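# Inside the fold
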Amino acid sequence: MKNKIGALGGRMWSSIVLFGLIGQIAWVVENMYFSRFMQNEITRAPYATTLMVAFSAIFATLSTLIGGALCDRSGKRKIFVSAGYIIWGFTIMMFALVPMKPSSEKVLPMVILVVAMDCVMSIIGSISNDAAFNTWVTDISNTANRARVDTVLAVMPLFALAVVFGGFDSMTNADATQADWKRFFIYLGLITTIGGVVGLVLMKDKEGITPNKENTFMSDFIYSLKPAVIKENRMLYWCLAGFMVSSIAYQVYVNYLFNIVEGTMKIKNYIIPIGVIMLVSAVGSVIVSSAMDKHGKRNFYYPVITVGIIGSIIIWSSKFFIGKNQMLLTAILIVGGIMTIGVNLIMSGLFTASYRDYIPTGKEGLFQGCRMVMYVLVPMIVGPLVSQFIINTANRGVTNDADIVYPMELFLGAAFVMAFCFIPAKIVRDKQSEYHDELMKNIK
């Protein structure tokens, strides 16, 4: 396929949207509902959620390194995406078999079981989505459309959350039964598996990609982590660092988000405010991404980071109205949520699109591993550890795990972490304009 400036065909856009959406539906289950499952059905103790998120990140990163190397060495992406999605769905359905509400002496074994199953799910998902699908996206996109493509992909988690939230969330809330949770995992697993079957027909690899076996598999596996490679492609890693910091901030609160809104803020009818947040954030981020593609990204870094920090502080401030003014509490959640979630989407358009610009031709798969290290591994270890510290501090003296409350100070922690984004943003911003113009000249 020949890439014209900013032009992608209908089949490409259909594949981007469909597999971006279905992949994110699976990740929404893993990133948000597995945490809720652990907290509501196994134990509320934060160590369990921290272990699950951290080990999932470790296995996801290793799997992406392997998957990225396999994509480049085979010269294929479609088969890894399609077959991977089919198996991925079955790993989600397996959670329907997990026993719930264990007795106190069986809590730790059940935590270990759920963590292990989450790791298996993450391995399959990372090879098919994080490695193969992201390599395919890099193949078929270019500098003129990458901010738009990456922001559309960044919006997919919101649409995925809308699908899961609107259609299946009632199966997982505080009143859910074991049968509800079983149906939840079976239905969502089927969606992912069916998506993989569709991929066998719809998706098409970019023409002209040839297997790259110049180096050994082990050399390809660790390629993007070599000091010499990092030095030679330092701007690529600064782009990754920017979104890494933003992702750490996001991980501070996201694993506890549903229980914060439902339990701490005591907003029982949260579907409408969450729906408004998702819709406005999605539309706003697409509008901003179009402006970034047109004018370059340089002028967007500082304002976007600032809005993200303010949004987190606004949500934290809602703690003063809990149990006092439900309408005002909901309004604060919506305003702060739009700012916080919207910024998380736009940050992807800023940093991920810039990172793709710096990937050397022929190395698209090899550079998916370092993306996972900095986008997933580090944030999903550091973020939950920050969360655990804040939760344990707020619940000092609580002896019964069932009485643990997830505090609004998690959003203050996110704001503090987000402030460090200014460092990589300045470095990327200072070089962006010149490099953007150079890339645009080379697009045919």
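Basis of the calculations
Counting restarts for each chain: residues are numbered from 1 in the order of the written sequence. With pLDDT at 70 or above as the cut-off, local features in this predicted model cover only qualifying residues; side-chain atom pairs require 80 or more to be listed or tallied, and sums for whole chains, interfaces and linings still use all residues. Neither water nor hydrogens contribute to the side-chain values; these are computed over all heavy atoms in the structure. Numbering of helices and strands runs from the N terminus, with a helix taken as a DSSP run of H or I at least four residues long and a strand as a DSSP run of E at least two residues long. In these notes, a set of buried Ala, Val, Leu, Ile, Met, Phe, Trp, Tyr and Cys residues joined through side-chain atoms within 4.5 Å is what counts as a nonpolar core. A 1.4 Å probe rolled over the protein chains alone gives each residue an accessible area, and that area as a share of the maximum for its type sets the label: buried under 20%, exposed over 50%, partly exposed in between. Contacts between residues were defined by any pair of non-hydrogen atoms, one from each residue, lying within 4.5 Å. Confidence per residue, as judged by the predictor, is encoded in pLDDT with a range of 0 to 100. Comment: axis = line fitted to C-alpha atoms, over the contacting stretch for helices; angle = value between 0 and 180 degrees taken between N-to-C directions. Roughly parallel means an angle under 35 degrees; roughly antiparallel, over 145; roughly perpendicular, 65 to 115; everything else is oblique. In this scheme the handedness of a crossing depends on how the near helix is turned from the far one: anticlockwise by less than a right angle means left-handed, clockwise means right-handed. Gly counts as polar in this scheme, as do all residues outside two lists: the nonpolar Ala, Val, Leu, Ile, Met, Phe, Trp, Tyr, Cys and Pro, and the charged Asp, Glu, Lys and Arg. Any residue with relative accessible area above 30% and no salt bridge may belong to a patch, with like charges joined within 9 Å and the nonpolar Val, Leu, Ile, Met, Phe, Trp and Tyr side chains within 5 Å. Working definition of accessibility: Shrake-Rupley area with a 1.4 Å probe, residue cover restricted to the visible protein chains. When a carboxyl oxygen of Asp or Glu lies within 4 Å of a side-chain nitrogen of Lys or Arg, that pair is called a salt bridge. Cysteine sulfurs are considered disulfide-paired once they come within 2.5 Å of each other. Each Phe, Tyr or Trp ring (for Trp, its six-membered ring) is paired with any other whose centre lies within 6.5 Å, and the angle between the two planes then decides the class: stacked below 30 degrees, edge-to-face above 60, tilted in between.

## Topic: unusual backbone geometry
Its identity as a non-glycine residue notwithstanding, K101 has a phi of 50°, on the positive side. Tracing the backbone through its elements, the reader meets K101 in the loop between helix 3 (78-93) and helix 4 (107-140).

## Considering the nonpolar core
F184, F185 and M347 are the most contacted members of the largest nonpolar core, which has 131 residues in total. Looking at this core, the element that brings in the most residues is helix 1 (residues 10-42), giving 15 residues. In this structure F185 touches V29, F34, F37, I92, M93, F95 and A96, once residues within four positions along its chain are discounted.

## Here we look at the confidence of the model for the protein
Across the protein, the average pLDDT comes to 85, with 92% of residues at or above 70. The lowest-confidence element of the protein is helix 7 (residues 217-221), averaging 65 in pLDDT; the highest-confidence one is helix 15 (residues 409-418), averaging 96.

## A look at the packing of helix 12 (residues 301-317) against helix 13 (residues 326-357)
Helix 13 packs onto helix 12 with a crossing angle of 150° between their chain directions and a minimal axis gap of 8 Å. The pairing of helix 12 with helix 13 is recorded here as roughly antiparallel in orientation. Every pair of crossing elements has a handedness; the one defined by helix 12 and helix 13 is left-handed. On helix 13, the residues touching Y301, V304, I305, V307, G308, I310, G311, S312, I314, I315 and S317 of helix 12 are I332, V335, G336, G337, M339, T340, V343, I346, M347, L350, F351 and S354. Classifying every residue of the contact of helix 12 with helix 13 by side-chain character gives 15 nonpolar, eight polar and no charged.

## So, a nonpolar patch on the surface
Together, I272, V276, L279, V280, V283 and I287 make up a nonpolar patch on the protein surface, roughly 540 Å² of accessible area in all. Looking at the element boundaries, I272 is found in helix 11 (residues 271-295).

## Some points on the state of the cysteines
Tallied over the entire structure, the rule returns zero disulfides. In this structure C421 is a free cysteine whose sulfur lies 12 Å from that of C239, the closest cysteine sulfur available. With a relative accessible area of 0%, C421 lands in the buried category.

## Remarks on the packing of aromatic side chains
Applying the stated criterion to the full structure yields 24 aromatic pairs. When the centroid spacing of 4.1 Å and the interplanar angle of 25° are considered together, the rings of F34 and F95 count as stacked. Here F34 is found in helix 1, whereas its partner F95 is found in the loop between helix 3 and helix 4, with 61 residues between them in sequence. For F34, a relative accessible area of 0% translates into the label buried. Residue F95 is classed as buried on the basis of its relative accessible area, which comes to 0%.

## Focus on the packing of helix 9 (residues 234-254) against helix 13
Relative to each other, helix 9 and helix 13 sit at 160°, their axes nearing to 8 Å. With respect to each other, helix 9 and helix 13 are oriented roughly antiparallel. Viewed along their axes, helix 9 and helix 13 form a crossing whose handedness is left-handed. Where helix 9 abuts helix 13, its residues L236, C239, L240, G242, F243, S246, Y250 and Y253 lie against T340, I341, N344, M347, S348, F351, T352, S354 and Y355. Within the contact of helix 9 with helix 13, the residues separate by chemical class into ten nonpolar, seven polar and no charged.

## Some details on the pattern of salt bridges
Under the definition given, this model contains eight salt bridges. When the shortest N-O distance is used, the salt bridge between E41 and K101 registers 3.7 Å. Taken together, the residues E41 in helix 1 and K101 in the loop between helix 3 and helix 4 connect sequence positions 60 residues apart. Overall, the relative accessible area of 53% leaves K101 in the exposed class. It is possible to trace a salt-bridge network through shared partners that takes in R36, D169 and E262.

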